[in-house]
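One letter stands for each residue in the lines below.
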Amino acid sequence: MMPPEEESPDGDRDGGLVLLQGPKSGSTRKQGCDPFAQTQRSKLQHRRARINQQINKEMRMRAGAENLFRATSNHKVKETVALELSYVNSNLQLLKEELEELNSSMDVYQNERFLSSSSESISVPMIPLGLKETKELDLLVPLKDFISEHYGEEGVLYEKEIKEFMELRQAMRTPSRNEAGLELLMEYYNQLYFLDSRFFPPSKTLGVFFHWYDSLTGVPSHQRALAFEKGSVLFNLGALHTQIGARQDRASLPGLNHAIDAFQKAAGAFNYLKENFSNAPSLDMSTASLTMLVRLMVAQVQECVFEKMTLLRAQNDFLARLQLAQEAARVEDVYSLVHQTMSQPHVKDYVPFSWTTMVQVKSEHFKALSHYFAAIALCECPAPSDAELLEQEKAFLQFHVTMPEGPSLRVLLQDPEERRKLGKAHLKKAIMKHEEAMRIHGLCKILRKMDILQEVLSFAHKRSLSKYSEIDHEEDFFETGEAPDIHPKTHQKPEIKSPNFSQVKVTDLFHRLGPLSVFSAKNKWYPARRVHLVRGENGFGFTLRGDSPVLIAGVIPGGCAAEAGLKEGDYIISVNGKDCKWSKHAEVVQLLKSTGKEGVDIGVITLQGSECPKAVDRKAAVMSSGSGMLKSNKENSRKSLMNSKSASTLLVWSKKSKRSKKSTYSGVPFTAVGDNEAMY
């Protein structure tokens, strides 16, 4: 499997990620759920983890057996290995069936109110996703080694930061099913930006593997690329939104609004993952799978919109019932699309059968409801008055996909008998669709155990039968015609909400390494030098520029700085032993001014590739020694990096690079620094 392709798209697609590099911490460490808490959901997740581990073990055994089968020429050994392979494949099939049953445990995630409500107020269960499982990861040694090798500092001095990052990763494995859990996943995801920038150079890997299990099949995958970690966390962000949406009390307006918001954000997370990540090693993050999940979430949003309409338009109004019928037809329409997506060759083999069946049941159920509400509008609402006729004609003209046979529209709306005939045809079709939904429901063993769904389907079917018997007259000698399909229409189009990375502010855990504009994995520099300078008649003989870290913008030929070996493009990292990586221009100037006749020790580094004098403004080198000190530049290169790249740099795995070809690295990254500089 190819590694994920990385890129940093330009443009602030998610509202601007707030990433704080400075030394002041603004985030509070969040905790995950108690892994030993015996809630239904945690038990389910523990079973998922156990099955994942067993699948991993069986797959390793199968790989070993297949290798032995190919390598040996002994007939008896081949027979023994073939028997073992048969046994292992049988075990794998049983484990995958057990995992499918867990993925079908929708009732665990639903609101408890559904279990005790009356039939009329019960909502159809939603489909949530289980979280992807991951193995523990020990980054202590790899990160310490990288700090020593790349940054030239003692790795042991950063053990606290490394352990804090590992604790955050451990916590995000068990996020709580609420806003705090979402923030925890987002915080870890945002921290991966800094980890990527600090420890993952373009030319080599860190040497650690990120292990994640497929959410749907349990098959393990591992990669060295950090993009796999990012994508898996983003998948879990979407999965957690589905669980939050499924648990809402959809019998109330606030609960429905929360559910709509959660499913829209889930769709946004999966869509963001699909658009920005490619070459996913696991099936659940493939393009086909993510397309299916986005469509499923949109369908569940549309279902919530229909339920919202039933609450808001409870009045017995002809137009309101026509709108309900069209909303139900729209729900049927989107679920039909989801079913088609789930039935595709690359998807149907790993999507749980219960999901496919549930989607098909919902499609038939909501088609039945659309015809039921059409019949109710025709049979229970009185004929329109002259003032209402024009408005009802206009609405009814766009109601059916094809106009019903029979009298003109005006006659149909004003004649109670004609309304009853068409209403009876709609009810007949509604009953047929209810029965089809119940038949499909009966084909799935897992759905048959779901009492809530059975009750909803049964209640809707009995309601349509009751209404049909009520309007069916013994003297009806006409043959009930075929009711035309209802034109789908919604009054609230689902919105795919991309993740808002600016929602959770994070501070770079490894800020002590220095500003990312210089001290990053992509930059290389020569070993730090310590230079002793004594102020001469014309000062130290160099000009300074910028902040954090301060840059030596020019060196006067023959001056003290030149004789000591300082070069333009050097960065000052210490003055008399005081760390100056994060120091402002004025702070470094003050340290230099406070030195006496004994001189000053300056620590500097030189970026590899920045020695070219063209990279530095030559104006600084010819400034006279009499130039006064100017005010320090308040805009530093760190801010420049964050503002120019935006939050989009966080998500990198994209199919097409969106980086502008004009934005190239010029060697010395101080593009945001103004012309303020001074001679010393």
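Below, the discussion takes up the pairing of strand E8 (residues 570-575). E8 sits mainly inside the fold: six of its six residues count as buried. Where strand E7 (residues 550-555) and E8 come together, two bridges link them in antiparallel fashion. By the bridge assignment, Leu-551 is partnered in E8 with Tyr-571. Note: E8 against strand E10 (residues 600-606), five bridges, orientation antiparallel. The residue of E10 that forms the bridge with Tyr-571 is Ile-605. Relative to strand E9 (residues 578-579), E8 runs antiparallel, the two being bridged by two bridges. In the sheet register, Val-575 faces E9, and the bridge partner there is Lys-578. Between E8 and the antiparallel strand that follows it, E9, lie two residues; Asn-576 among them carries a positive phi value of about 50°.

Right, let's talk about the packing of helix H5 (residues 179-199) against helix H6 (residues 226-246) for a bit. One can describe the packing of H5 onto H6 by two numbers: an axis separation of 10 Å at closest approach and a directional angle of 165°. Viewed along their axes, H5 and H6 adopt a mutual orientation that is roughly antiparallel. In terms of crossing hand, the pair formed by H5 and H6 is left-handed. Where H5 approaches H6, its residues Gly-181, Leu-182, Leu-185, Met-186, Tyr-188, Tyr-189, Leu-192, Leu-195 and Asp-196 are matched on the opposing element by Leu-226, Glu-229, Lys-230, Val-233, Leu-234, Asn-236, Leu-237, Leu-240, His-241 and Ile-244. In the contact of H5 with H6, the residues fall into 13 nonpolar, three polar and three charged.

In this section: a nonpolar patch on the surface. A cluster of nonpolar residues, Leu-253, Leu-311 and Leu-312, forms a patch on the protein surface that exposes about 240 Å² of accessible area. Position of Leu-253 among the secondary structure elements: in helix H7 (residues 253-276). A residue is classified by how much of its surface remains accessible, and Leu-253, at 31% relative accessible area, is partly exposed.

In terms of nonpolar packing, the biggest core is built from 134 residues, with Leu-195, Phe-199, Phe-270, Phe-318, Phe-396 and Phe-510 touching the most fellow members. With 13 residues, helix H11 (residues 353-380) is the largest single contributor of residues to this core. If we ignore the near neighbours within four places in the chain, the residues touching Phe-270 are Leu-129, Phe-235, Gly-238, Ala-239, Thr-242, Leu-290, Leu-293, Val-294 and Met-297.

On to the packing of aromatic side chains, then. Scanning the model with the defined rule gives 19 aromatic pairs in all. Ring centres 5.2 Å apart and planes at 75° place the aromatic pair Tyr-193 and Phe-194 in the edge-to-face group. For the pair Tyr-193 and Phe-194, a shared accessibility class is recorded, and that class is buried. Note on Phe-306 and Phe-366: the rings are 5.5 Å apart at their centroids and 85° apart in plane angle, and the pair reads as edge-to-face. Remark: Phe-366 occurs in helix H11 and Phe-306 occurs in helix H8 (residues 287-312); sequence separation between them is 60 residues. For Phe-306, a relative accessible area of 5% puts it in the buried group. In this arrangement the basic side chain of Arg-512 is found over the ring face of Tyr-158, its NZ or CZ atom lying 4.3 Å from the centre. Of note, Lys-581 hangs over the ring of Phe-519, and the distance from its end group to the ring centre comes to 5.2 Å.

The rules we used
Residues numbered from 1 in each chain as written. Predicted model: local features only at pLDDT ≥ 70, side-chain atom pairs only at ≥ 80, totals over all residues. Heavy atoms only, no water. Buried < 20%, exposed > 50% of the residue type's maximum accessible area, 1.4 Å probe, protein only. Helix = DSSP H or I, 4+ residues; strand = E, 2+ residues; numbered from the N terminus. Pairing = 2+ DSSP bridges. Axes fitted to C-alpha atoms, helices over the stretch in contact; angles between N-to-C directions. Parallel < 35°, antiparallel > 145°, perpendicular 65-115°, else oblique. Left-handed = near helix turned anticlockwise from the far one by under 90°. Contact = heavy atoms within 4.5 Å. Nonpolar A, V, L, I, M, F, W, Y, C, P; charged D, E, K, R; others polar. Patch = residues over 30% accessible without salt bridge, like charges linked within 9 Å, V, L, I, M, F, W, Y side chains within 5 Å. Areas by Shrake-Rupley, 256 points an atom, 1.4 Å probe, with all protein chains shown as cover. Salt bridge = Lys/Arg side-chain N within 4 Å of Asp/Glu carboxyl O. Core = buried A, V, L, I, M, F, W, Y, C linked by side-chain atoms within 4.5 Å. Phe/Tyr/Trp six-rings, centres within 6.5 Å; stacked < 30°, edge-to-face > 60°. Lys NZ or Arg CZ within 6 Å of the ring centre and 35° of its normal.

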